[in-house]
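Reading the structure
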Amino acid sequence: MSVPYRIEASTGLPADGAGSQLRASEKIPIMARPFVSDRAKKTLDIVEKFVEEECIPADPIYAQQVGSGVEERFSARPPIMDDLKKRAQELGLWNMFLPKNHFKEGAGFSNLEYGLMAEYLGKSHTASEATNCAAPDTGNMEVFAKYGTQEQKDKWLKPLLAGEIRSAFLMTEPDVASSDATNIGLRMHKEGNEWVLNGSKWWSSGAGDPRCKIYIVMGKSDPNNSSVYKQQSVIFVPAETPGITIKRMLSVYGFDDAPHGHGHLEFNNVRVPASSMCLGEGRGFEVIQGRLGPGRIHHAMRSIGAAEKALEYMLARLNDPRKKPFGKQLHEHGVMLERVARSRVEIDAARLQVLNAAAMIDSKDAKFALKEIAEAKVFVPQVALDVIDRAVQAYGGAGVSQDTPLANMWAHGRTMRIVDGPDEVHLIQLGRNENKRGKWLLEKIEWQKKKSEEMARSYGHEKRDVLQLDRQHSKAKL
Ligand SMILES: Cc1cc2nc3c(=O)[nH]c(=O)nc-3n(C[C@H](O)[C@H](O)[C@H](O)COP(=O)(O)OP(=O)(O)OC[C@H]3O[C@@H](n4cnc5c(N)ncnc54)[C@H](O)[C@@H]3O)c2cc1C
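Residues numbered from 1 in each chain as written. Predicted model: local features only at pLDDT ≥ 70, side-chain atom pairs only at ≥ 80, totals over all residues.

1. Description of the overall build of the chain
- Looking only at helices and strands, one finds 14 helices and seven strands in the chain.
- When its C-alpha atoms are laid out on the principal axes, the chain stretches across 100 × 70 × 45 Å.
- Counting only residues that meet the buried cut, the chain has 42% of its 478 residues in that class.
- When contacts within the chain are restricted to residue pairs at least 6 apart in sequence, long-range pairs at least 24 apart make up 71% of them. (Helix = DSSP H or I, 4+ residues; strand = E, 2+ residues; numbered from the N terminus. Buried ≥ 20, exposed ≤ 12 C-beta atoms within 10 Å, placed from the backbone. Contact = placed C-beta atoms within 7 Å.)

2. Thoughts on the domain arrangement of the chain
- Each domain of the chain was delimited in the assignment, giving domain 1 (20–134), domain 2 (167–278) and domain 3 (286–421).
- If you average the C-alpha positions of domain 1 and of domain 3, the two centres end up 18 Å apart.
- Looking at which element gives the most residues to the side of domain 1 that touches domain 3, the answer is helix α4 (residues 111–121), with seven residues.
- Each residue belonging to the side of domain 1 that touches domain 3 can be placed in one class, and the counts come to ten nonpolar, six polar and two charged. (Domains from an automatic or database assignment. Nonpolar A, V, L, I, M, F, W, Y, C, P; charged D, E, K, R; others polar.)

3. Notes on the pairing of strand β4 (residues 212–220)
- Counting buried positions along β4 yields seven of nine residues, so the element is predominantly enclosed.
- With five bridges connecting them, strand β1 (residues 166–170) and β4 associate as parallel partners. Pairing of Phe169 across the sheet is with Ile216, part of β4. (Pairing = 2+ DSSP bridges.)

4. What to know about the pairing of strand β2 (residues 187–191)
- As paired elements, β2 and strand β3 (residues 194–205) share five bridges and run antiparallel to each other. Counterpart to Glu191 in the pairing with β3 is Glu194.
- Once β2 ends, the chain turns through two residues before running back antiparallel as β3, passing Gly192 with a positive phi of about 60°.

5. Description of helix α8 (residues 284–318)
- Under the 1.5 Å per step criterion, the end-to-end length of α8 is 50 Å for 35 residues, consistent within 8% with the ideal 51 Å.
- The sharpest bend along α8 reaches about 35° and sits at Leu292, with the proline Pro294 one to four residues further on.
- Burial of α8 is extensive: 29 of the 35 residues sit out of reach of the surface. (Expected span 1.5 Å × (residues − 1). Bend = angle between axes of the 7 residues up to and from the residue.)

6. Section: the site of the ligand
- Every one of the 22 residues lining the ligand counts as a neighbour, but Met171, Ser178, Ser179, Trp203 and Ser205 are closest to it.
- Elements supplying a minimum of two residues to the shell around the ligand: β1, β3 and α13 (423–435).
- Here the residues of the shell around the ligand are counted per class, giving twelve nonpolar, eight polar and two charged.
- Both domains that furnish three or more residues to the shell around the ligand are identified here as domain 2 (167–278) and domain 3 (286–421). (Near = placed C-beta within 6 Å.)

7. Observations regarding unusual backbone geometry
- Cis geometry is adopted by the peptide bond preceding Pro136, which originates at Ala135 and carries an omega value of 0°.
- Here Pro136 lies in the loop between α5 (127–130) and α6 (137–147).
- Here Ala258 and Pro259 are connected by a cis peptide whose omega angle stands at 5°.
- For Pro259, the position within the fold is in the loop between β6 (244–250) and β7 (262–273).
- For Asn132, which is not glycine, the phi dihedral falls at a positive 55°.
- If you trace the backbone, Asn132 turns up in the loop between α5 and α6.
- Phi angles above zero are rare outside glycine, and Asp420 is one such case at about 60°.
- Summarising the element assignment, Asp420 is placed in the loop between α12 (406–415) and α13.

8. Concerning the packing of helix α10 (residues 370–395) against α13
- It is the contact of α10 with α13, at a shortest axis distance of 10 Å, that shows an interaxial angle of 140°. Considering the angle they form, α10 stands oblique to α13. Both α10 and α13 take part in a crossing whose hand is left-handed. Across from Lys371, Ala374, Glu375, Lys377 and Val378 in α10, the residues of α13 making contact are Asp423, His426, Leu427, Gln429, Leu430 and Asn433.
- For the contact of α10 with α13, the per-class residue count stands at four nonpolar, three polar and four charged. (Axes fitted to C-alpha atoms, helices over the stretch in contact; angles between N-to-C directions. Parallel < 35°, antiparallel > 145°, perpendicular 65-115°, else oblique. Left-handed = near helix turned anticlockwise from the far one by under 90°.)

9. Focus: the packing of α4 against α8
- Two numbers describe how α4 lies on α8: the axes approach to 6 Å, and their chain directions differ by 45°. Compared by their axis directions, α4 and α8 come out oblique. Here α4 and α8 pass one another in a crossing that is right-handed. The residues of α8 that touch α4, namely those facing Asn111, Gly115, Ala118, Glu119, Tyr120 and Leu121, are Pro294, Ile297, His298, Met301, Arg302, Ile304 and Gly305.
- Each residue belonging to the contact of α4 with α8 can be placed in one class, and the counts come to seven nonpolar, four polar and two charged.

10. Section: the environment of Glu312
- Within the secondary structure, Glu312 sits in helix α8.
- Spatially, the C-alpha atoms of Glu312 and Arg471 are 62 Å apart, while their sequence positions differ by 159 residues.

11. Remarks on the nonpolar core
- Of all hydrophobic cores here, the largest spans 112 residues; its most connected members are Ala310, Val354, Ile388 and Ala391.
- Contacts of Ala391, omitting those with residues within four sequence positions, involve Ala310, Leu311, Tyr313, Met314, Gly399 and Leu406. (Core = buried A, V, L, I, M, F, W, Y, C linked by C-beta atoms within 7 Å.)

Shown next as structure tokens:
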């Protein structure tokens, strides 16, 4: 692949002389380097440059072009996004997320290589969509690529891969605890050669955008099945099907995330052909499990980028000569340097964790990496939130206002502890699996104690506590 973008010809970014002039490919953690091809390294450098020099400056323009008022914001098509998409395609930055060992439709990178790129995408509000690597489309494209029939792929995957339409994944419902997917209750029943859908969905990310043309919907198709894991199905529903109402959009700590947004939808006798079924009737759990593996680490990878960006903002604020509380710049107040150091340590640890999960997926599949994916799903958002919070604190009032991206980043980061299942669900699963070793460990430790007693006897020792004293201060003989 030719490199149409000259990394060396860096434009106007100030030099800091402390290592951040290294290109992205030179900052790849040493443990990950053997897994990264030369082509991926070149692309990574282009991603970095595209994000830093084109997407981040475009972010506020995009926000402005979304406009004002609910109707306007949720029908906006910011022209800067179309320009960024064109530019990304010229640079060869398109669909990098679809892993090469499972899908022929993507750009030919591994999960680990994409992980390195996604970190940079996570530094900008516009970069993921500009490169056609934005959630929920990424996970949804994986569903089509993995489980779709040729007809479904032609109809929906092709325009999604081309970035012509967008999509939403509709699982969560307002009336049930949706973190337990067996509760999902949107009713699906069959009439002739059609499925009829009735019920409510909310937190349908992306549904606000008029370009969102296809919904992937989970519903209850067989409520009486003896297995609670076979009662649900996933079905493809065109957004323009009669009977669907987008009742309202939901806010995230006051941010509406327009035009993409998060919808609250009603399904009233919505009819789709039986051929719209994904994978097969009663196989909804298989589909959602297959969808969430790599998708979860995409979020984590982007969160690392958000954390890096927060740290950059923090360092900039610490060195702003105009701001000298109590006669010193913030970097001269020791507590601030400790917060910088703590952030550095945590981000670097989180990155290794995500890359390890990605490498595990690459070595086999997402199922093989369940533990590592769950660890990253829980750990990385907390790290990102802690780092962003420290940066907010360093900015004082400005940190919680619209004058830095930090407040928005915190709100977005906070949702990561809920999206794709709350922390507790993943922790319980991790804890339960870890605890499976408990009985064996109890036996092992008992065995080691016994062995130790045998060894002591073989050396002619009595078993004795090393701190045994048996001292009595009284001189009286009993
Ligand atoms: C910004 C955003 C975007 C989203 N996008 C989508 C989307 O595109 N599509 C979609 O379908 N959904 C989406 N969601 C929904 C999200 O996946 C759900 O909110 C999440 O799975 C939790 O389900 P729930 O809200 O029904 O909470 P509930 O299931 O009611 O859980 C509430 C709380 O109960 C606690 N809890 C749950 N289980 C346990 C347990 N086993 N042990 C202890 N405590 C527990 C947790 O603290 C949890 O937060 C989005 C959510 C947000 C905030």
